[in-house]
Protein chains: 2
Amino acid sequence: MSGAFSFLSHLECSRCHTLSLADAPAHLCTCGSPLLVRYHLDAIRTHLSKEMLRSRAPSLWRYHEMLPVRVADNVVTLGEGMTPLLPVKRIGQKLGIKQLFVKDEGVLPTGSFKARGAAVGVSRAKELGVNVLAMPTNGNAGGAWAAYAARAGINAVIAMPEAAPSITRNECAISGAKLYLVNGLISDAGAIIGRAVKTHHWYDASTLKEPYRIEGKKTMGYEIAEQFEWDVPDVIFYPTGGGVGIIGIYKALREMQDLGWIGERLPRLVAVQASGCDPIVRAWQEGASVSQFKEASHTIAFGINVPKALGDFLVLEAIRDTGGCAIAVSDDELLHAQRTLATNEGLFVCPEGAATLAAAQKLREANWLAEDERVVLLNTGTGLKYPDTVHVPIPVLQPHDDLSLE
Amino acid sequence: MSGAFSFLSHLECSRCHTLSLADAPAHLCTCGSPLLVRYHLDAIRTHLSKEMLRSRAPSLWRYHEMLPVRVADNVVTLGEGMTPLLPVKRIGQKLGIKQLFVKDEGVLPTGSFKARGAAVGVSRAKELGVNVLAMPTNGNAGGAWAAYAARAGINAVIAMPEAAPSITRNECAISGAKLYLVNGLISDAGAIIGRAVKTHHWYDASTLKEPYRIEGKKTMGYEIAEQFEWDVPDVIFYPTGGGVGIIGIYKALREMQDLGWIGERLPRLVAVQASGCDPIVRAWQEGASVSQFKEASHTIAFGINVPKALGDFLVLEAIRDTGGCAIAVSDDELLHAQRTLATNEGLFVCPEGAATLAAAQKLREANWLAEDERVVLLNTGTGLKYPDTVHVPIPVLQPHDDLSLE
């Protein structure tokens, strides 16, 4: 084990805790719940100190001992990870949050945090001998998995709502994925993929239906801890659709505790949803342990338009166990927050990422956040993929014209 | 000097070599040529070893001694720099180039290499007390400078051809820049900005009309050298419009020689243009030291649609002095190369970046490149900003449909 690239041990059901072997393609537990990846953390503890990370290359693979790829040659990478943690002081001052940060996932390959899950998920799929993978997507995950699948030499089949950001079609198509548009929501696309996977015996790469996507996403948690020099922040806001980001960060926090890298105190995790699609917020408010399917869900923040998440109970557990909460913001509020981040800090974030700022403002006003807490907003993607969120009239000049300043 | 954040010394005209002071806003030399920034390289040589860089954060500011910002607090950053250097083995094998790499600038903030010039240029403008900056752009530079200006609290005035990628309008507008579209080329936009700068006494941030943008771009050269462990590659391909990227890399190479960090051998620098806008290629073929204005220029690779570059003579000098060359590729060739990179390697690059692959293929076929040479293609931006380069028919399904595999 010592000297191994990965200290992968086995899989464990997130609900019934049944254990299973990791070295064949695995999907849901027989009880229908997602599987979590477990490692020989005691062995890692002896083998690796957090100080040893410093000199490693700035990608998520710096945490390879706690990632599931056994052989380094199977790593499929586009250089993803170690995204910037940016202080946003001007906005922090306005909101009365002295130490406000944005972790900017928009600078990852394919322009969103989905690259993390795809990098690790596709690498492991390659290692397990997968030839064809299939998945539904709200756009960004499809773009990312199509790209990494192309680099791995794996065929990808992807189904996407017609209303998903159109640039993500290009990403899938140019990478050679077999792409289908669906006149419906991601839940409809998921049902189509579910049937196709059974018929064709493809590898189901749907959210939480294979265990390795979480492992990529959890590296956000490792990076945040490392960037705060292992003194974790007080609160992390995360836009929540399928919920894998927040589940992954929570998993990383628990692993880092087991490794002795961080102490007892954890950041309060806040799940942010859009008012038009807020099943987890409703479940949280009702004290329920699972969410109800949200009928006729809608929001301009397309990535979090997920009416029912398979991992809803894991999201609710993560926010409960860390003393966090779930909160919804309206499309108007998140679009306003998007402009605020761009105008004040030059950050052109996606609508989902912008929602976290709107949520932080609300929770500060409610005094749920204190003035001196260290607060991280996760921006999950670049605004470049959402051309329709900005509408400004722009004057057109002829070459002989001069600028007119009104 | 020892312990200083920057070892900035003075400015020097790139043509007549007149020296000038660096600590006031500066634009062109009285002779009309661009100014270059000079440093106390001897002092840096004593103060800083290349080994000391290893433990620094992965941004271009790791090279701060060789950058012009004197006070660390004036740094305006969105986390730019240390972009991945990705082996593209599958394509290399097809082309007979065993060691082929893409340096992917698409993962920078604002999605293009322009972030480097903007980060350093805006930081220095802030340090010099600038309140309003103005510039023409083919899109990406405007998007980047608008973002960094917003973060710096500087007002930006930007003029852009109507035909520039439309998403770059959003970037400028949402960051609060004063944006104008121009019914013409970047040269027309440049003339309008030139008149406005005189009238309103704004800071002219046009390409090469202030000396600090090059300094940001040159960090590509430092990064490439560091990523190759100071044994520089044999050839670097660069898409060339205004030429600042190639000028900056050449400047970095010369500085690193003076610092004793690299040896005598330099990479051959190759300027890649589009057939529809190839003034530097023509000048190179004719053995001229400057280029002629290209009439009715056109190419889908909009960022390199620059009919006459102010720094053309510096580009020609860089490729001559390194044993490089200049080469043009057609729009069909570069679009084909764009698909090749996406399908084979999952890299969705911009058309400008794709042009470098088309050029490498041509030069390999002509045996100008040898099979065992280490070749770097500079991808200057993400394909996400160019939705119109991909056209694939995509089937639409109803929720009850099954996937149809033909």
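Please read all numbers here as calculations on a predicted model, not as lab measurements.

Calculation notes
Residues numbered from 1 in each chain as written. Chains lettered and ligands numbered in written order. Predicted model: local features only at pLDDT ≥ 70, side-chain atom pairs only at ≥ 80, totals over all residues. Helix = DSSP H or I, 4+ residues; strand = E, 2+ residues; numbered from the N terminus. Rg over C-alpha atoms; globule rule 2.2 N^0.38 Å. Buried ≥ 20, exposed ≤ 12 C-beta atoms within 10 Å, placed from the backbone. Contact = placed C-beta atoms within 7 Å. Expected span 1.5 Å × (residues − 1). Nonpolar A, V, L, I, M, F, W, Y, C, P; charged D, E, K, R; others polar. Pairing = 2+ DSSP bridges. Least-squares fit on C-alpha atoms with pLDDT ≥ 70 in both.

### Section: the overall build of chain A
When helices and strands are tallied, chain A shows 12 helices and 14 strands. Computed over C-alpha atoms, the radius of gyration of chain A comes to 21 Å, within 12% of the 22 Å expected from 2.2 N^0.38 for 406 residues, which places it in the range of a compact globule. A principal-axis box enclosing the C-alpha atoms of chain A has dimensions of 70 × 45 × 45 Å. In chain A, which comprises 406 residues, the proportion classed as buried is 61%. For chain A, contacts bridging at least 24 residues in sequence account for 71% of all contacts bridging at least 6.

### A word on helix H7 (residues 213-227) of chain A
Residue and element names in this part refer to chain A. In this model, H7 (15 residues) spans 22 Å end to end at C-alpha, consistent with the 21 Å of a helix rising 1.5 Å per residue. Within H7, 13 of the 15 residues are buried, leaving the element largely enclosed by the surrounding structure. With its phi angle positive at about 50°, Glu 229 sits one or two positions after the end of H7.

### Topic: the interface of chain B and chain A
How big an interface is tends to be stated in terms of the accessible area lost upon association of its parts. Across the boundary between the two partners, chain B contributes 62 residues, which contact 62 residues of chain A. Of all elements in the fold, only helix H4 (140-152), helix H5 (167-174), strand E8 (178-182), helix H6 (186-200), helix H11 (331-345) and strand E14 (396-397) of chain B reach the threshold of two or more residues within the side of chain B that touches chain A. Ranked by residue count, the leading element in the side of chain B that touches chain A is H5(B), at six residues. Partitioned by chemical class, the residues of the side of chain B that touches chain A number 35 nonpolar, 14 polar and 13 charged. One ladder, built from two bridges, connects strand E14 (residues 396-397) of chain A with E8(B); its direction is parallel.

### Quick word on the environment of Trp230(B)
Residues and elements named next belong to chain B. With respect to the secondary-structure elements, Trp 230 resides in the loop between helix H7 (213-227) and strand E10 (235-239). The spatial distance from the C-alpha of Trp 230 to the C-alpha of Leu 28 is 33 Å, given a sequence separation of 202 residues. Leave out the neighbours within four places in its chain, and Trp 230 touches Lys 50, Ala 225, Trp 261 and Ile 262.

### Regarding the sheet that holds strand E3 (residues 35-39) of chain A
All names here are of chain A. In spatial order, the strands read E2-E1-E3; together these three strands make up an open sheet with antiparallel pairing. Every other strand in the sheet has two partners, leaving strand E2 (19-20) and E3 as the edge strands with one partner each. Two strands pair when backbone bridges link them, and strand E1 (residues 8-13) and E3 are joined in this way by five bridges, in the antiparallel orientation. Paired with His 10 across the two strands is Arg 38, which belongs to E3.

### Quick look at the relation of the copies chain B and chain A
Two chain copies, one operation linking them: a rotation about an axis together with a shift along it. Placing chain B over chain A gives an RMSD of 0.0 Å and needs a rotation angle of 180°, together with 0.0 Å of translation along the axis. Here the copies are linked by what is in effect a two-fold axis. For chain B, the smallest separation between a C-alpha atom and the rotation axis is recorded for Val107(B), amounting to 2.4 Å. Interface overlap between copies: 100% of the residues of chain B at the interface are likewise at the interface in chain A, consistent with a symmetric, same-surface contact.

### What about unusual backbone geometry?
Within the chain, Met82(B) stands out as a residue other than glycine whose phi angle is a positive 50°. Its location among the elements puts Met82(B) in the loop between helix H1 (41-47) and strand E4 (85-87).

### Some points on the pairing of strand E6 (residues 132-136) of chain A
All names here are of chain A. Along E6, four of the five residues are buried, which leaves the element largely enclosed by surrounding structure. Here E6 pairs with strand E7 (residues 155-161) via five bridges, running parallel. If you follow Leu 133 over to E7, its bridge partner there is Ala 156. In terms of strand pairing, E6 meets strand E9 (residues 203-204) through two bridges, oriented parallel. Its bridge partner lying in E9, Leu 133 is registered against Tyr 203.

Shape descriptors only; they carry no functional weight alone.
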